[in-house]
Amino acid sequence: MTRLPLFPLPQTVVFPGLLIPLFIFEERYRRMTQDLLALPEGERRFVITLAGPEPGQMRSIGGIVEVMAVSENPDGTFNMLTRGAERCRVEDINSREHPYLSVPEKLYPLERGDLAAERIAAWDAMEAFRSFAQGRMDPKALEQAIHSLPDDPLYQASFLCVNLGAEAPLRQYLLEAPSLLERFARVQQFIRQFQQPGGSVSA
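Residues numbered from 1 in each chain as written. Predicted model: local features only at pLDDT ≥ 70, side-chain atom pairs only at ≥ 80, totals over all residues. Heavy atoms only, no water.

*Asks:* In this structure, what is going on with the packing of aromatic side chains? I would like to understand it.
*Replies:* For any pair of aromatic rings, the description rests on two quantities: the centre-to-centre distance and the angle between the ring planes. Summed over all chains, the structure comprises 6 aromatic pairs. Their ring planes at 25° and their centres at 5.9 Å tell us that Phe 23 and Phe 25 sit as a pair that is stacked. With a centroid separation of 5.9 Å and an interplanar angle of 80°, the aromatic rings of Phe 129 and Phe 159 are classed as edge-to-face. Taken together, the residues Phe 129 in helix H2 (residues 115-133) and Phe 159 in helix H4 (residues 153-163) connect sequence positions 30 residues apart. Since its relative accessible area comes to 0%, Phe 129 is described here as buried. By way of ring pairs, the aromatic residues Phe 129, Phe 132, Phe 159 and Phe 190 are connected into one cluster. In this structure, Arg 87 packs its charged tip against the face of Tyr 108, placed 4.0 Å from the ring centre. (Phe/Tyr/Trp six-rings, centres within 6.5 Å; stacked < 30°, edge-to-face > 60°. Helix = DSSP H or I, 4+ residues; strand = E, 2+ residues; numbered from the N terminus. Buried < 20%, exposed > 50% of the residue type's maximum accessible area, 1.4 Å probe, protein only. Lys NZ or Arg CZ within 6 Å of the ring centre and 35° of its normal.)

Structural data, given as structure tokens:
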């Protein structure tokens with residue numbers, strides 16, 4: 001089974017289609033980057049999972065990212081642009097073969113149901129988000145962003161999950177939804193709870 005490098009980060013939760021810029025400065029991840037660059041372009045993938053709060057802790061569900069572009073800085077650090085792909089399980093962690101961790105490529109696909117039902121759920125969640133975003137986002141910029149989204153409700157869900165402004169544990173809760181319909185339901189739950197007096201939300 002293919003193994004992929006593992007990159008735990010304290011604030012990053014990966015959703016499909018999400019563009020994630022990274023600054024690679026730690027020595028073991030510089031080595032990871034060099035190893036990735038030695039692969040053919042279509043095979044440059046690794047796993048990001050949410051780390052913490054205690055040292056060595058990480059979530060058991062993360063996301064695979066595809067390397068889109070890399071530039072090396074004069075001091076040996078790297079700027080990297082990645083794009084979120086499929087989510088995956090984080091288990092059978094190996095720390096022996098490389099300076100960095102690696103995990104088997106064990107995909108954990110989001111359950112998909114009736115497309116019409118998913119589109120209705122996406123529309124409902126987006127309308128709730130428009131109300132939620134009033135006073136927080138420029139209306140014209142918001143509409144431009146929404147209209148540029150792909151037709152697949154999966155990517156519309158990713159847009160919502162990223163732009164809610166939720167803390168990392170809540171974004172992880174959205175990532176771990178068993179189905180796309182449940183992910184939209186959790187987005188709606190977040191918005192309803194946030195709009196209650198006090199605005200307190202917990203996963």
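More follows now that the structure is in view.
*Asks:* Just checking my understanding: could you explain the environment of Phe 25 for this structure?
*Replies:* Looking at the element boundaries, Phe 25 is found in the loop between strand E2 (19-24) and helix H1 (27-37). Taking the C-alpha atoms as reference, Phe 25 lies 25 Å from Ile 61; in sequence the two are 36 residues apart. Setting aside residues no more than four positions away along its own chain, Phe 25 makes contact with Arg 30 and Thr 77. (Contact = heavy atoms within 4.5 Å.)

*Asks:* I would appreciate a short explanation of the layout of surface pockets in the present structure.
*Replies:* Once rolled over the atoms, a probe with the size of a water molecule shows which space is left empty. For the largest pocket, the calculated volume is near 200 Å³. Lining the largest pocket we find 13 residues, and of these Arg 3, Leu 4, Pro 5, Leu 39 and Tyr 100 sit closest to its centre. Listed by contribution, the elements that provide at least two residues to the lining of the largest pocket are strand E1 (3-9) and H1. (1 Å grid on protein atoms, 1.4 Å probe; cavity = no way out; pocket = protein on both sides within 12 Å on 5 of 7 lines; lining within 4 Å. Points joined across faces, edges and corners; volume = space filled by probe spheres on them.)

*Asks:* Before we go on, may I ask you to explain the packing of helix H5 (residues 168-175) against helix H6 (residues 180-194) in this structure?
*Replies:* Each pair of packed helices can be summarised by the angle the axes make with each other and by the distance between the axes. At a closest axis distance of 9 Å, the pairing of H5 and H6 adopts a crossing angle of 150°. Here H5 lies roughly antiparallel to H6, going by the angle between them. Note on element contacts: H6 touches H5 through Arg 183, Arg 186, Val 187, Gln 189 and Phe 190, opposite Leu 170, Tyr 173, Leu 174 and Leu 175. For the contact of H5 with H6, the per-class residue count stands at 6 nonpolar, 1 polar and 2 charged. (Axes fitted to C-alpha atoms, helices over the stretch in contact; angles between N-to-C directions. Parallel < 35°, antiparallel > 145°, perpendicular 65-115°, else oblique. Nonpolar A, V, L, I, M, F, W, Y, C, P; charged D, E, K, R; others polar.)

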